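Spelled out, the chains give:
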Amino acid sequence: MFIPVNLLQVALSSLTRIFASTEVDLLHDRLWQRFGNLAPYHDREDVWGVCPELPSDCSVEQVMMLHRHGSRGPVGEQDYINKLVQTLENATLPQHLPWNLRFLRDGYHSDLVSEQLTRIGREQLFDHGVQFALQYPTFYTKVLLSSNVTRVVDSAYYFGLGYGKPTEIETVDQRKLPVNWILPWESCPKYDPAQAFKNVFKWVDKYVPPITNRLNKLLPGVGLTDEDVQGALNACAYDLAAHGVSPWCGAFLLPELWGFEYQADLMMDGMSGHRSLHDAGAVVGTIYVNKLIERFTNATGKAEELYLEFGHDLTILVAMAAMNLNKDRVSLSPDHIRFPRKFRTSDQTPFAAWMVWEKFSCKKSFHGPQIRLLLNSATYPLRSCQKSYKDWKYGTCSLDEFVTANSYSTNIHYHDKTWNASCEL
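Residues numbered from 1 in each chain as written. Predicted model: local features only at pLDDT ≥ 70, side-chain atom pairs only at ≥ 80, totals over all residues. Heavy atoms only, no water.

Draft legend 1. Highlighting the overall build of the chain. Secondary structure assignment for the chain yields 13 helices and nine strands. Relative to the 2.2 N^0.38 estimate, which gives 22 Å for 425 residues, the radius of gyration of the chain is 22 Å and therefore close to what a compact globule would have. The C-alpha extent of the chain, read off along each of the three principal axes, is 70 × 50 × 45 Å. Out of the 425 residues in the chain, the part that is buried amounts to 56%. Sequence separation of 24 or more characterises 80% of the internal contacts of the chain that already satisfy a separation of 6 or more. Here the chain displays about 18500 Å² of accessible surface, and carbon together with sulfur accounts for 53% of that area. Treating the 41 positive side-chain charges of the chain as one cloud and the 47 negative ones as another, the clouds have centres 5 Å apart. (Helix = DSSP H or I, 4+ residues; strand = E, 2+ residues; numbered from the N terminus. Rg over C-alpha atoms; globule rule 2.2 N^0.38 Å. Buried < 20%, exposed > 50% of the residue type's maximum accessible area, 1.4 Å probe, protein only. Contact = heavy atoms within 4.5 Å. Areas by Shrake-Rupley, 256 points an atom, 1.4 Å probe, with all protein chains shown as cover. Lys, Arg positive; Asp, Glu negative; His and termini not counted. Charge placed at Lys NZ, Arg CZ, Asp CG, Glu CD.)

What follows is the structure, encoded as C-alpha cells:
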C-alpha cells in the first residue's frame, strides 16, 4: 500500500541560529555541531585538497540517496531527563548561582516528545528536498522508500514537500523482502546493540562523575547524581533538536562536551562499526553495498536513474563499515578520547544526515563510468578504490575499481556461511 504525499509545498523557514543571543556562545569552534549522532544537521566541511565540483565535461547519470530522519525527541534518554527534572523540583537552590546556571531560578521543565520528529527536524528534511530538486532538476522518481518507523515516514513526507514533484511513500515492510538494506540488522538475530554499551558504560563511569562533582560544588544542597548529569547532557542535545536552544549547553565545559560526543561515537561504533559483536555491523552493511553495486552496474537490467530512500543513522553507518570508509586503524577505546579519529558521528550521521551516491561520465576527464559519494553535502573521498591523480583530486573512483574494492561485500550474501557466522543464532 502506498502512502500519498501532499504535493502542496508549505512555507517552512530555514533553520537559522542555534543559540539565542542570551545564551552562552557555543558557536565558537562550531561546538554545537559536536553532539555525536544527536548533533543538529550541518554540512560537512570540504576535505582539504579535494575539489568540491566535478570537471565541467562530466555529467551525473544516476543518483542513489540514503537519508537519515530529522531531529527527533529522545528515546531511552527520556528517563535521565525526567529524573533530572524531578531532582531539581525537589531541590532548594543556593542563593548565589553562577551566570551559566541562573536559568535554574525559573526552574527547568522538559516538554520533549519521545521519538517524534521535531519542528526543526521537519524543516531539515524540507530544506533538503528543495536543495536536492535544485541540484538534480532533471532526475525523478515516483517512490520515496522509507523504514516503517513513524519519524522516518514523516521525514520522507517533508522531503517530498520540498522536492516538489509527485511522489508516494512506500515502506520497506510492504515489499516483504527477506532482508532489506534500510533495516538489515532486523534480519540478523545475533545483532546485539546491548553489547555495544559495555565500553560506553566504562566511559560514562569515568567521565561523568567529575562533572557531577564540579556541578555539585556550584549547586550545594541540590545533590545531583551521575544520572542527573547524564540527563542534563541529553537535555542540551535534545532541547536543540526540539527548540534550537538549550540553557543546559552552557552549563558544561568544552572538554565535558567533547566527552559527550565521544560517548556517542563509542556507542555507535560498537553498534555499527568493526567493534560490533561478530563484526555484525559490517556484515549487515553489505546488503546496502550490494544493492548499490547492483543498481550502478544495472545487473538486473531494471536500474532506475534515481533512488530516494530514508532510514536511520545505523543504516548509513553499517554501510560505511562494510566499505571501510570510517574504520580507525586502532579501535576507539573507553580509556581516553582519541584525536583524530575517522569514526565521528557528529560529521557522518547528525540528525538529517544524507548520503548521496552519484554515477557520472565525462567526455575527456575520466574514461568510463565513475562513482562519487557526497556525505552531508561534501565529497567523502573513496580512498579504497582511487588509482589515479584525478581520483585523489576529486575524491572519486571508477565504477570498476569501486566494485573490485568492495569484494568484502560482493562475497557476502544473505544466509551464506559468512552471514550465518555473524548473524544466525
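Anyway, onward from the coordinates.
Draft legend 2. Layout of the environment of Val318. Here Val318 is to be found in helix α8 (residues 313–322). Spatially, the C-alpha atoms of Val318 and Asp127 are 26 Å apart, while their sequence positions differ by 191 residues. With residues up to four places along the chain from it excluded, the contact list for Val318 reads Pro184, Ser272, Gly281, Ala282, Val284 and Gly285.

Draft legend 3. Highlighting the nonpolar core. Core analysis: the biggest nonpolar cluster contains 95 residues, and Trp248, Trp357 and Phe402 have the highest contact counts within it. It is helix α5 (residues 226–243) that contributes the most residues to this core, 10 residues altogether. Every residue in contact with Trp248, bar those within four places of it in the chain, is listed here: Leu84, Leu88, Phe103, Leu104, Tyr108, Ala232, Ala235, Cys236 and Asp239. If you look at the next biggest cluster of nonpolar residues, it comprises 26 residues, including Phe132, Tyr136, Phe159 and Trp354. (Core = buried A, V, L, I, M, F, W, Y, C linked by side-chain atoms within 4.5 Å.)

Draft legend 4. Broad picture of the packing of aromatic side chains. Inspection of every chain in the model, using the stated rule, returns 19 aromatic pairs. Arranged with centres 5.0 Å apart and planes meeting at 70 degrees, the rings of Trp203 and Tyr262 form a pair that is edge-to-face. Taken together, the residues Trp203 in helix α4 (residues 193–218) and Tyr262 in helix α6 (residues 254–272) connect sequence positions 59 residues apart. Its relative accessible area of 5% is what places Trp203 among the buried residues. Judged by centre distance (5.9 Å) and plane angle (80 degrees), the rings of Phe360 and Phe366 are edge-to-face. Each member of the pair Phe360 and Phe366 is classed as buried. (Phe/Tyr/Trp six-rings, centres within 6.5 Å; stacked < 30°, edge-to-face > 60°.)

Draft legend 5. The arrangement of a nonpolar patch on the surface in detail. Where nonpolar side chains cluster on the molecular surface, the patch consists of Leu254, Trp258 and Phe339 and spans about 280 Å² of accessible area. Looking at the element boundaries, Phe339 is found in the loop between α8 and α9 (345–348). (Patch = residues over 30% accessible without salt bridge, like charges linked within 9 Å, V, L, I, M, F, W, Y side chains within 5 Å. Salt bridge = Lys/Arg side-chain N within 4 Å of Asp/Glu carboxyl O.)

Draft legend 6. Spatial organisation of helix α2 (residues 119–135). Taking 1.5 Å per residue as the helical rise, α2 with its 17 residues ought to reach 24 Å, and the 24 Å between its terminal C-alpha atoms agrees with that figure. Listing the buried residues of α2 in full gives Ile120, Gly121, Glu123, Gln124, Leu125, Phe126, His128, Gly129, Phe132 and Ala133. The elements touched by buried residues of α2 are β2 (58–68), α3 (150–163), α5, β5 (306–311) and β6 (354–362). (Expected span 1.5 Å × (residues − 1).)

Draft legend 7. Up close: the state of the cysteines. Inspection of the entire model under this criterion finds four disulfides. Disulfides within the chain link the bonded cysteines, taken in sequence order, as 1-5, 2-8, 3-4, 6-7. Looking at Cys51, it has no disulfide partner, and the nearest cysteine sulfur is the one in Cys58, 11 Å off. Classification of Cys51 by relative accessible area gives partly exposed; the value is 24%. (Disulfide = S-S within 2.5 Å.)

Draft legend 8. Focus on the packing of α5 against α6. In the contact formed by α5 and α6, the axes pass within 11 Å of each other and the chain directions differ by 85 degrees. Overall, the two elements α5 and α6 adopt an arrangement that is roughly perpendicular. On the side of α5, the interface is formed by Gln230, Leu233, Asn234 and Ala237, while α6 contributes Leu257, Phe260 and Gln263. Across the contact of α5 with α6, the residue classes tally to four nonpolar, three polar and no charged. (Axes fitted to C-alpha atoms, helices over the stretch in contact; angles between N-to-C directions. Parallel < 35°, antiparallel > 145°, perpendicular 65-115°, else oblique. Nonpolar A, V, L, I, M, F, W, Y, C, P; charged D, E, K, R; others polar.)

Draft legend 9. Spatial organisation of the pairing of strand β3 (residues 143–146). Sheet topology note: the β3/strand β4 (residues 168–171) ladder contains four bridges and is parallel. Residue pairing across strands places Leu145 opposite Glu170, the latter belonging to β4. Of the pairings in the sheet, the one linking β3 to β5 comprises three bridges and is parallel in character. What sits directly across from Leu145, in β5, is Glu309. (Pairing = 2+ DSSP bridges.)

Draft legend 10. Broad picture of the side chain of Arg44. By the element assignment, Arg44 lies in the loop between β1 (3–4) and β2. The charged side chain of Arg44 is buried without a salt bridge, its nearest counter-charge being Asp347 at 5.8 Å. Here the side chain of Arg44 touches Ala378 through a polar contact of 3.0 Å, landing on its backbone oxygen. Setting aside chain neighbours within four positions, we find Arg44 in contact with Asp347, Leu375, Asn376, Ala378, Thr379 and Tyr380. (Polar contact = N/O pair within 3.5 Å; in protein donor to acceptor, adjacent residues only side chain to side chain.)

Draft legend 11. Structural context of the environment of Arg275. Locating Arg275 in the fold gives a position in the loop between α6 and α7 (280–296). Linking Arg275 and Ala321, residues 46 residues apart in sequence, is a C-alpha distance of 9.9 Å. Excluding anything up to four places from it in sequence, Arg275 contacts Asn199, Leu266, Asp269, Gly270, Ser331 and Leu332. Polar side-chain contacts of Arg275 include one of 3.3 Å to the backbone oxygen of Leu266.

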